[in-house]
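Examination of the molecular architecture
Letter by letter, the chains look like this.
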Amino acid sequence: MKMRAGFLATCAASALVIGMGFASPALAADQMVTKAPAAEPLQWWYEGFIEVGARFNLNNPDKRTLGKFYEYRDLRPGVFGNFYIAAHRNNPIDIAFWGKNVGYNDQAFGLDFAKPGEHYLSLGWDETPKVYSKNAKTLYDGVGTNNLTIPIFLTPPPGAGPAAAIAANSKVFDLQYRRDTFSVNHRWTPTDAWDVNVDYTHLRRQGTQPLGAVSFSNINTRSAFELPKPVDDVTQNGNIKGEYAGSTPWGKPFNVALGYGFSLYNNADNALVFQNPWNAVNPAGAPLNNRYSLAPDNKAQTLSLSGGVGLPWNSRYMGTFQYTKMQQQDSILPWTSNPLVPTPVFTTPNRDVNTTLFNNVLNTQITADLKSTLRYRYYDFRYSNNTPVIVVGPWNANPDSNTGFEGTEITYPKSYTKQNASAELAWRAVKWLNVGAGYDWERWDRDYRDTAVTNENIVKVFADSKWAVWSTMRASLQYGERRYNQYITMVEVNNDAMRMKDLANRDRFKGMASWAVDVTPMITVTPNGGFLNDDYKTDILARPEAEIGLKHTRSWNVGTDVAFNVNRNAALYVSYNYESSYRQVYQNGPDPDLNIESRDGIHTFIVGSKVALIPEKLLVDANYTWTRSTSKWDLSCGPFGCRYSPLATFPDSHNTLQRLDVQAKYFLDDSWVRGFGWAGKAFVKARVLWERNSSDAWQPLQNQLGWLVNPGNTTTAYSIWMGTGNPNYDVVLGQLSFGVKW
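Residues numbered from 1 in each chain as written. Predicted model: local features only at pLDDT ≥ 70, side-chain atom pairs only at ≥ 80, totals over all residues. Heavy atoms only, no water.

1. Thoughts on the side chain of serine 315
The test is simple: By definition, any uninterrupted DSSP run of H or I lasting at least four residues is a helix, any uninterrupted run of E lasting at least two residues is a strand, and each is numbered from the N terminus. Per-residue accessibility, obtained with a 1.4 Å probe over protein chains only, is compared with the maximum for each type, and a residue is labelled buried under 20%, exposed over 50%, and partly exposed between these values. Here a polar contact means two N or O atoms within 3.5 Å. Within protein one must be a hydrogen donor candidate and the other an acceptor candidate, and residues neighboring in sequence count only if both atoms are side-chain atoms. Here a residue-residue contact requires only that any non-hydrogen atoms of the pair lie within 4.5 Å.
Counting through the fold element by element, serine 315 comes out in strand S15 (residues 315-327). Given a relative accessible area of 12%, serine 315 falls into the buried group. Among the polar contacts listed, one links the side chain of serine 315 to the side chain of threonine 364, at a separation of 2.8 Å. The contacts of serine 315, once residues within four sequence positions are left out, are Val309, Gly310, Leu362, Asn363 and Thr364.

Here it is, written out as structure tokens:
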């Protein structure tokens, strides 16, 4: 409810005068009766709400498993608050200040100011967590810094002794970081023809995230380590754009916009140094200290010109030209800090990247029932002078060891150009039916890849229809073929050892359909479905021995949505969807190898309702979601035999997520509220949230003990993990709050 301050003050004063009149003696006959003073024009009026409440756990969840539950939100037990306060003036001016989940890691605040028709200003601050684990374990000291050291060292070989030492000396910590974002946006419309927009964001991330690293625990054994990588960086983005809209000499509307944008990234750490817990000293080929480079500082600037214009013959053209320059000036870091390894010499080429985008669309209404759309898009990604990185040896194929000495190595930059063109016709055959067909073409021109050019041709058809007011159907079907023109080995170091998804010949078949039917005025049923089949060809004759990679990907989905609109006080929604996917990876060559097939299936059921149990008094929202997924891995021999015998077997993995969210809002009686001198409304809210995730996936669960115990494999036996992947949790959260609105 909105309270108009000036109006209420006038009413209160009038009531006071009237009340005094009833209490005073009768007026003398000779007294002049004067008119009541005119009401002052309304100046300011206000609206808003304030809500204060508490959250609490209704069960006793294992806090060590809540990383996934808190992944992008903060629902910890405790007191919380939300608010919205707005002031409006008739001349006009609007001001609003708001906040949500105040005091927690996902809190947000905003301040909005508007002079409608001229100025619109918004200031914002929000925090977003990214939680990986609330129970991560690590042997390392210095978590959160770029220097990880080991207080105790492990004695090879892996076994019960090292396992006990890992368990006894691992420290528990929260593996997470938080994004703090400040934003400001201003829009200025000095006239109906001009529109100017300026925005700026400042995003800072702080905390830790997992990093997979490799080191040598002896000269022949690579060990995998999961490390807490420090996160301490700042990203700044800014844009300004001015747009003018007018009319052409031939009486058609046009608009043109000119913009500039920049992006700056600064990382507090350029490298992470960590110790290998299996190497107490620095022997040849098994380094104690290791270094991994982190994201370098960089910047980008963009100029853009866009617009549209009405043309004769019922046509309209829209186009965009954009040029971006990306720069990175940090020096290339040697990949090793091992003093026994000769440091190679790197060239430091110009690593600037320029991108150019040119996008064009032409729409033409050929007849009242026939419309055409033509599109062309050109995008070029190019290093400024295509200068290669040259490494002058001796250097080592195995980083941080002194094995695998080689000579000079050259890595060439991979620039590319991508072009897209399409033509589409849409025809309204009859009043209730619209059909169309189109053709798309896509071409990639690449530098220093195993194939220089790929072309893809796509044909598609589509239809949508609406019968009366009770049925709406949409459907589309497309088929495409991508082919390379020549498979070559241009530069040996840039060879793709596996058949690459973006280079291989591919046939694609894709379709989708949905049909919304109003069975009754209250019930709408919408069945829907779709499929996508990608077949990658095994026809690389130049290098058959290296043709390892993706062969097939196939997916389909089917489902139904049902909406029940009982009346203005009750609605129900039910949805079910099933998704299936299949992938096959194998080697098409003379060497024995593996054929890997994986199958995934996901069932999703959702039911939700909105009910006013007492109209305008007691409102209840309830939503339930059930998701069940199954993943299967099958290994078999390749076309030319098996590389491994016997083949490994993997159990099926299952994951079930259930979520029930029930919220009720009750508005207190207005007379009770007025008894406390309040002119607005008061409400009480209650919420119960239940989430349970149950998984038997072998991949995350096998690493929960802190390390991968597999003594039969001299490589994986030395691997040490942080135990971060437990996806199982069970939380019942309660919430009560009291609020007032005016």
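Still more ground to cover, so stick around.
2. Comments concerning the pairing of strand S2 (residues 44-57)
Rules: Two strands form a pair only when DSSP identifies at least two bridges running between them.
Here S2 pairs with strand S3 (residues 78-89) via 12 bridges, running antiparallel. Each residue of the ladder has a partner; that of tryptophan 45, found in S3, is histidine 88. Strand direction decides the pairing type here: S2 and strand S35 (residues 729-741), joined by nine bridges, are antiparallel. Paired with isoleucine 50 across the two strands is valine 740, which belongs to S35.

3. Things to note about unusual backbone geometry
The amide bond that connects asparagine 91 to the next residue, proline 92, takes the cis arrangement and shows omega of -5 degrees. By secondary structure assignment, the location of proline 92 is in the loop between S3 and strand S4 (93-100). Put simply, proline 156 and proline 157 share a cis peptide bond, and its omega is 0 degrees. Structurally, the position occupied by proline 157 is in the loop between strand S7 (147-148) and helix H2 (160-169). A positive phi angle, near 60 degrees, is found at tryptophan 313, a position not held by glycine. You can see tryptophan 313 is positioned in the loop between strand S14 (298-311) and S15. On the accessibility criterion, tryptophan 313 (75% relative accessible area) is exposed.

4. A look at the environment of lysine 299
Mapped onto the elements, lysine 299 comes out in strand S14. Not counting the four nearest positions on each side in its chain, lysine 299 is found in contact with Ser263, Leu264, Lys325, Met326 and Gln327.

Read these as spatial facts, not as claims about activity.
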